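Inside the fold
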Amino acid sequence: MPELPEVETIVRGLQAVLPGKRIMGVRLGITDFIEDPSALEEQLPGRRISSVRRYGKFLVFDLDSLSGDSRRLALLIHLGMTGQLLTCKPEAPIAAHTHAYFALDDGSEMRYRDIRRFGSIRILAEGAPSGVLSPLGPLGLDPLEATEEEFRAGINGRHARIKALLLDQRVLRGMGNIYTDESLWHAKIHPTRLGAKLSARELHGLYVAMRRVLSQAIRFRGSSISDYVDSKGTPGKFQQRHCVYGRKGKKCPRCAAMIRRETVAGRSSYFCPKCQRAPKKTRKARRKH
DNA sequence: CTTACGGCCTGGGTGC
DNA sequence: TGCACCCAGGCCGTAA
């Protein structure tokens, strides 16, 4: 499940090798997850990759034109749940579920592999950085770049559950299920607490916890739960440092209580029932029972 | 307007 | 061996 730290790890790996290289050709397999396959085949060859960036969970490849067409383009890739981007030699064995091949002018190749095909690949015309929109609208703050004031403003006054807010890409771009649960555990906040009901102290703790968890996950090159590998095919190591995610029934590293798993905001949520106190039930919610 | 929720996409893992 | 079922994340339609 590539979230911010995994995408960042891949971006750093690609940024080290791709800039300055030219895309010579594009070959596609199954294309039902690609918005406009022929646009990739027609518009990418000949372009030079000037930089590789992360925008939320998107990878952005900025492309220069070397010929008369001076229009700047960007290639936008979202890895969905099981997407992988790998660089290799063209003669390297082809793993099952590889759906896109980008031939580069140094004789190497970048491949997109995606078992579930929940990812997406598309071309973005001009004005890439701020022009990256999710289908729902503009993306929110970068969790590592946002100031504490900006973060607080994004959560304050919202009556949704904090878990839903952290996962909402229009509030914060790049958070996913793993790092949301880990951040909430570090901040000792129950996932069903309402954003509006968090104290200033709790919001401060959450901001600090989120930044710490994300930076440490990047340092450990991401979490490999199922399919995630970096651009060289190497798994991450942060899954060994998870405190709650995927640890249902195991002991909370802080208080030894048993970690629980419940669905919150439509997602599996792992938390410690002792360290992360559930909010008091409202009169309305209690009446139902 | 905001929020909650169920369904959909796909295929690997599990358990019978 | 086969097969039904669950689950994952993002998005979308619908309802309150």
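Model, not experiment: these values are computed from the prediction.

Time to look at the packing of aromatic side chains. What the rule picks out here adds up to five aromatic pairs. By the ring-pair criterion, three or more aromatic residues cluster together here, those being Y179, F220 and F238. Directly above the aromatic system of Y101 lies the positively charged group of R27, at a separation of 4.2 Å from the ring centroid. Directly above the aromatic system of Y55 lies the positively charged group of R173, at a separation of 4.2 Å from the ring centroid.

Further remarks concern the environment of L184. Note on placement: L184 falls in helix α6 (residues 177-186). Exposure remark for L184: the relative accessible area of 1% places this residue in the buried category. With residues near it in sequence (within four places) discarded, L184 still touches I162, K163, L166, I189, P191, L206 and Q276.

With that settled, consider α6. The buried fraction of α6 amounts to nine of the ten residues, a majority that puts the element mostly inside the structure. Inspection of α6 places N177, I178, Y179, T180, D181, E182, S183, L184 and W185 among the buried residues, and these make up the whole buried set. Its buried side turned inward, α6 meets α1 (4-15), α5 (162-167), α7 (200-219) and β12 (267-271). Positive phi appears at K188, one or two residues downstream of α6, with a value of about 60°.

Moving on to unusual backbone geometry. The phi dihedral of A256 falls on the positive side, at around 70°, and the residue is not glycine. Mapped onto the fold, A256 is located in the loop between α7 and β11 (260-264). Under the relative-accessibility criterion, A256 is labelled partly exposed at 44%. A positive phi angle, near 55°, is found at A265, a position not held by glycine. Position of A265 relative to the elements: it lies in the loop between β11 and β12.

With domains assigned, chain A is organised as domain 1 (4-133) and domain 2 (148-279). The distance between the C-alpha centroids of domain 1 and domain 2 comes to 29 Å. Contacts between the two partners involve 18 residues from domain 1 and, on the opposite side, 19 residues from domain 2. Of the roughly 1,600 Å² buried where domain 1 meets domain 2, counting both sides, 62% is carbon and sulfur surface. Linking domain 1 with domain 2 are zero salt bridges. Applying the counting rule to domain 1 against domain 2 returns six residue pairs in polar contact (both at pLDDT 80 or more). For the side of domain 1 that touches domain 2, the element with the most residues is α1, which contributes nine residues. Across the side of domain 1 that touches domain 2, the residue classes break down as eight nonpolar, six polar and four charged.

Bringing the pattern of salt bridges into the picture now. One pass over the structure, following the stated rule, counts 16 salt bridges. Ionic pairing is found between D64 and R48, a salt bridge with its closest N-O pair at 3.1 Å. You can see D64 sitting in strand β3 (residues 58-64) and its partner R48 sitting in strand β2 (residues 48-55), a full 16 residues away along the chain. Accessibility expressed as a relative area gives 16% for D64, which makes it buried. Under the relative-accessibility criterion, R48 is labelled partly exposed at 30%. Across the salt bridge formed by D142 and R54, the nearest N and O atoms sit 2.9 Å from each other. With a gap of 88 residues between them, D142 in the loop between β10 (137-138) and α4 (148-155) and R54 in strand β2 connect regions that are remote in the sequence. The two residues D142 and R54 agree in class, both being buried. Three or more residues are tied together by salt bridges with common partners; here these are E8, R12, R54 and D142.

Calculation rules
- Residues numbered from 1 in each chain as written.
- Chains lettered and ligands numbered in written order.
- Predicted model: local features only at pLDDT ≥ 70, side-chain atom pairs only at ≥ 80, totals over all residues.
- Heavy atoms only, no water.
- Phe/Tyr/Trp six-rings, centres within 6.5 Å; stacked < 30°, edge-to-face > 60°.
- Lys NZ or Arg CZ within 6 Å of the ring centre and 35° of its normal.
- Helix = DSSP H or I, 4+ residues; strand = E, 2+ residues; numbered from the N terminus.
- Buried < 20%, exposed > 50% of the residue type's maximum accessible area, 1.4 Å probe, protein only.
- Contact = heavy atoms within 4.5 Å.
- Domains from an automatic or database assignment.
- Buried area = accessible area lost by both parts, 1.4 Å probe.
- Salt bridge = Lys/Arg side-chain N within 4 Å of Asp/Glu carboxyl O.
- Polar contact = N/O pair within 3.5 Å; in protein donor to acceptor, adjacent residues only side chain to side chain.
- Nonpolar A, V, L, I, M, F, W, Y, C, P; charged D, E, K, R; others polar.

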